[in-house]
Amino acid sequence: MESSYLGTALAFAACDVRPALLAIVFVTLVLWRFYVFTILPWHFPTDPKEYPYWIPVIGHLRSFYKSSSRLLSDARSYFGESCEPFALTVPGQKWYVLTKAEHVAATYKMEHLSYDIFAVEVIRMVGVSEDGIRKAFQEMGHDGGPSKHLVRLCKEYQLEQLSPRKRLHELVQCSVELLRRHLAYFGERLQEVEPDLIRIFMAFETLSWQAMYQYPSFFMPWKKFLRTPKSQRIDTSWFISKIEEEMHRRQIALADSAIFLFQLFWSINGNTRKAAFWMLSYIVCGDQDLVDAIRAETAPAMSEPEHNGTVVDVAYLVNQETCPRLNSIWGESARLTAFAASVRFLTHDIELGGKTLRNGNRLMMPQRQLHFSTQAFGHTATLFDPDRFLADPSLRRNPSLRPFGGGATMCPGRNLAKQTTLAFVAMLLHSFHLVLYPPDQKLPEPAEGKPSIGLVDVQNGNDLRVRLCTRKAAYLSFSFPSSTTLSPKTTAPLTGEKLLCLCTSNPIQQSLASSIAHNQAWAAPSTRSLLAPSSL
Ligand code: HEM
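Values in this document were obtained by computation on a predicted structure and should not be read as measured data.

**Q** Sorry if this is basic, but what is going on with the UniProt feature "transmembrane region" (unreviewed entry) in the protein chain here?
**A** Mapped onto this structure's residue numbering, the UniProt feature "transmembrane region" (unreviewed entry) falls at residues 20–40. Across residues 20–40, helical content stands at 100% and strand content at 0%; the span's end C-alpha atoms are separated by 28 Å.

Right under this line is the structure:
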């Protein structure tokens with residue numbers, strides 16, 4: 001009898017305790033929130049204000065992974081669109097966010113701010129062993145010069161390979177002349193060891209980081225590439241050969257070297273294909289006059305088929321004077337689709353816009369916030385305007401325009417990306433009539449929620465389908481690799497109308513004609529293309 005009283009009393013107590021506990025937790029959180037987001041800012045008025053959150057340490061983790069760009073916009077409007085530096089906690093780490101062009105420009109000039117911490121985090125995340133990381137960051141003398149670590153050397157070699165006055169020309173020539181046939185950086189060997197590389201790479205990009213943990217075999221092609229005797233891959237670029245020599249000198253294990261090479265492959269190819277996709281999407285979804293205007297403007301750059309030199313005069317295409325509209329569209333599509341952020345680590349306090357940004361925290365400069373600034377780009381900032389940079393060429397130098405980042409980490413591949421993309425777009429428009437099929441498609445939606453390290457991906461299920469009809473067989477005939485069995489002169493399929501999923505077109509590696517010749521990009525409306533991101 002007594003025990004049943006006790007049981008009932010305990011049950012009541014348990015029932016009563018839960019709401020009481022909840023109340024205590026709630027009151028504690030309210031007090032903590034009041035202290036952190038009201039009292040502390042009052043004590044430290046020059047510290048950037050922090051966007052409030054409810055769960056300590058976790059901060060804005062959930063909203064960040066749901067849509068980082070939405071979180072940043074929400075935070076900005078919370079602070080009244082003031083453009084002052086503000087702070088965000090994403091888990092356990094405080095990030096200062098800069099959305100004002102002047103602050104971003106000032107930060108890019110602070111070359112002493114550190115980036116290495118992020119380089120190590122990424123290398124570790126993609127699976128390089130601790131031994132590989134140690135060897136990569138080991139300072140070693142080189143050719144009698146000062147001691148440098150591999151990541152620094154890699155950057156210097158990239159700059160030499162990609163600088164217009166140095167080795168860029170050879171790379172662009174190779175990329176454009178053999179647009180689809182060559183992996184310009186790695187030569188043909190990489191494609192030979194893994195013919196399915198493009199599809200695997202796009203699958204990787206879709207699954208992003210998860211892919212590396214789930215499929216360690218992903219790095220196999222680069223291992224096979226490294227194992228291939230150099231005499232069998234003499235078309236490897238200068239840059240890749242130098243990095244390979246350096247990794248060998250440092251005795252970096254094969255598995256780690258393969259991951260380093262993969263990372264380079266990723267940075268070289270990941271964004272360029274998206275640039276071509278978005279640029280073509282804007283053009284094809286615009287009106288026919290735009291297509292005609294670009295064709296007329298770029299026509300002098302297209303050489304005659306009998307001519308044995310380059311198919312397309314890239315210098316003519318990238319020149320603002322000779323091709324102002326093409327260049328305007330390049331700038332505009334990069335402005336609208338750049339979703340990355342430059343990042344820095346604060347190794348000491350800095351002053352910016354009257355605020356003190358404290359040592360030990362991280363700094364983020366998100367491009368999208370700058371690119372959608374109505375102050376810089378007017379009330380149409382969120383809309384595509386093909387003539388924006390044509391009407392106001394000074395916008396090209398506006399400090400709010402940062403599709404390639406800036407300062408010490410500014411993208412060294414920007415010239416290569418622009419040249420190959422414009423060459424690809426011009427070749428495509430001169431080779432084909434492009435018609436939306438089905439006709440009522442809208443511009444694909446960007447996958448805004450997905451974190452990006454460059455241009456935004458397309459939203460799942462948003463591929464654009466176009467019907468291609470050949471205009472000039474001559475350009476196509478150039479596009480065919482000699483190895484393909486479908487010779488340009490004899491191939492029947494090219495005379496008819498065909499479907500191509502634009503997403504499949506990797507301008508450097510795959511090329512339009514190769515896609516068609518290998519039947520990879522053909523897709524009946526009911527058949528999902530193997531390569532379309534949404535089908536992976
Ligand atoms: C449209 C195409 C491309 C876009 C939008 C793009 C964008 C970017 C951005 C935003 C950054 C970070 C900048 C910063 O932190 O401030 C970056 C860095 C980098 N990009 Fe690109 N990129 C493109 C193409 C390329 C190509 C073709 C290559 C190589 C051939 C390349 C190589 C690199 C490298 C090595 C870095 C790291 C630089 C460093 O840490 O110092 N990118 N890119």
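**Q** Is there a simple way to think about the site of the ligand in this case?
**A** Close to the ligand lie 24 residues; Asn271, Ser342, Gly405, Cys411 and Gly413 are nearest. Put simply, the parts of the chain that give the shell around the ligand at least two residues each are α7 (150–162), α14 (254–285) and α21 (414–431). Take the shell around the ligand: its biggest share by element is five residues, from α14. Its residues assigned to classes, the shell around the ligand comprises 13 nonpolar, 10 polar and one charged.

**Q** Where do I start with unusual backbone geometry in this structure?
**A** It is generally the case that most residues other than glycine have a negative phi and that most peptide bonds are trans. Despite not being glycine, valine 57 shows a phi value in the positive range, around 70°. Turning to its location among the elements, valine 57 is positioned in the loop between β1 (49–50) and α2 (61–66). Overall, valine 57 belongs to the exposed group, with 10 C-beta atoms counted inside 10 Å. Positive phi, normally seen in glycine, also occurs at glutamine 251, with a value near 55°. Examined against the element boundaries, glutamine 251 turns out to sit in the loop between α13 (238–249) and α14. Taking the number of C-beta atoms within 10 Å as the measure of exposure, glutamine 251 has 9 and is therefore exposed.

**Q** Honestly, the pairing of strand β2 (residues 86–90) in this entry has me stumped. Any pointers?
**A** Strand residues, when the strand is regular, have side chains that alternate between the two faces of the sheet. In terms of burial, β2 is a largely internal element, five of the five residues being buried. Of the two faces of β2, the one lined by Phe86, Leu88 and Val90 and the one lined by Ala87 and Thr89 are each fully buried. Across two bridges, the pairing between β1 and β2 is parallel. Bridge pairing in β2 links lysine 49 to phenylalanine 86. By the bridge criterion, five bridges tie β2 to strand β3 (residues 93–97) in an arrangement that is antiparallel. Directly across from alanine 87, in β3, lies its bridge partner tyrosine 96. Linking β2 to β3, which pair antiparallel, is a turn of two residues; within it glycine 92 sits at a positive phi near 75°.

**Q** Whenever I open this one, the sheet that holds strand β6 (residues 341–345) confuses me. Can you help?
**A** Taken in spatial order, the five strands make up an open sheet running β1-β2-β3-β9-β6, and their pairing is mixed. On the outer flanks of this sheet lie β1 and β6, each paired with one strand and no other.

**Q** Any chance you could explain the environment of alanine 391 here in plain terms?
**A** Within the secondary structure, alanine 391 is located in helix α20 (residues 388–391). Taking the number of C-beta atoms within 10 Å as the measure of exposure, alanine 391 has 11 and is therefore exposed. Distance in space between the C-alpha atoms of alanine 391 and proline 324 is 9.7 Å, their sequence separation being 67 residues.

**Q** Mind showing me how you'd approach the nonpolar core here?
**A** Soluble globular proteins tend to pack their nonpolar side chains together in the buried interior. Core analysis: the largest hydrophobic core is formed by 64 residues, its most contacted members being Met279, Leu317, Val425 and Ala426. Residues in contact with leucine 317, not counting those within four places in the same chain, are Thr298, Ala301, Val312, Cys323, Leu326, Leu422, Ala423 and Ala426. Counting residues in each nonpolar core, the second largest holds 22 residues, with Ala119, Leu150, Ile240 and Ile243 among its members.

**Q** So what exactly am I meant to see when it comes to the packing of helix α15 (residues 288–298) against α21 here?
**A** Helix packing for two helices is described by the angle between their axes and how far apart those axes are. Relative to each other, α15 and α21 sit at 110°, their axes nearing to 10 Å. Relative to α21, the element α15 lies roughly perpendicular. Mapping the contact onto sequence places Val291, Ile294, Arg295 and Thr298 in α15 and Ala426, Leu429 and His430 in α21. Its residues placed into classes, the contact of α15 with α21 shows four nonpolar, two polar and one charged.

**Q** What am I meant to see in the UniProt feature "binding site: heme" (unreviewed entry) in the protein chain here?
**A** As recorded in UniProt, the sites labelled "binding site: heme" (unreviewed entry) are Cys411. Assignment of secondary structure puts cysteine 411 in the loop between α20 and α21. For cysteine 411, a count of 20 C-beta atoms within 10 Å corresponds to the buried category. Apart from residues lying up to four places away in sequence, cysteine 411 is in contact with Phe404 and Gly405.

Cut-off values and rules
Residues numbered from 1 in each chain as written. Predicted model: local features only at pLDDT ≥ 70, side-chain atom pairs only at ≥ 80, totals over all residues. UniProt positions renumbered as here; feature names shortened; annotations may be inferred. Helix = DSSP H or I, 4+ residues; strand = E, 2+ residues; numbered from the N terminus. Near = placed C-beta within 6 Å. Nonpolar A, V, L, I, M, F, W, Y, C, P; charged D, E, K, R; others polar. Buried ≥ 20, exposed ≤ 12 C-beta atoms within 10 Å, placed from the backbone. Pairing = 2+ DSSP bridges. Core = buried A, V, L, I, M, F, W, Y, C linked by C-beta atoms within 7 Å. Contact = placed C-beta atoms within 7 Å. Axes fitted to C-alpha atoms, helices over the stretch in contact; angles between N-to-C directions. Parallel < 35°, antiparallel > 145°, perpendicular 65-115°, else oblique.

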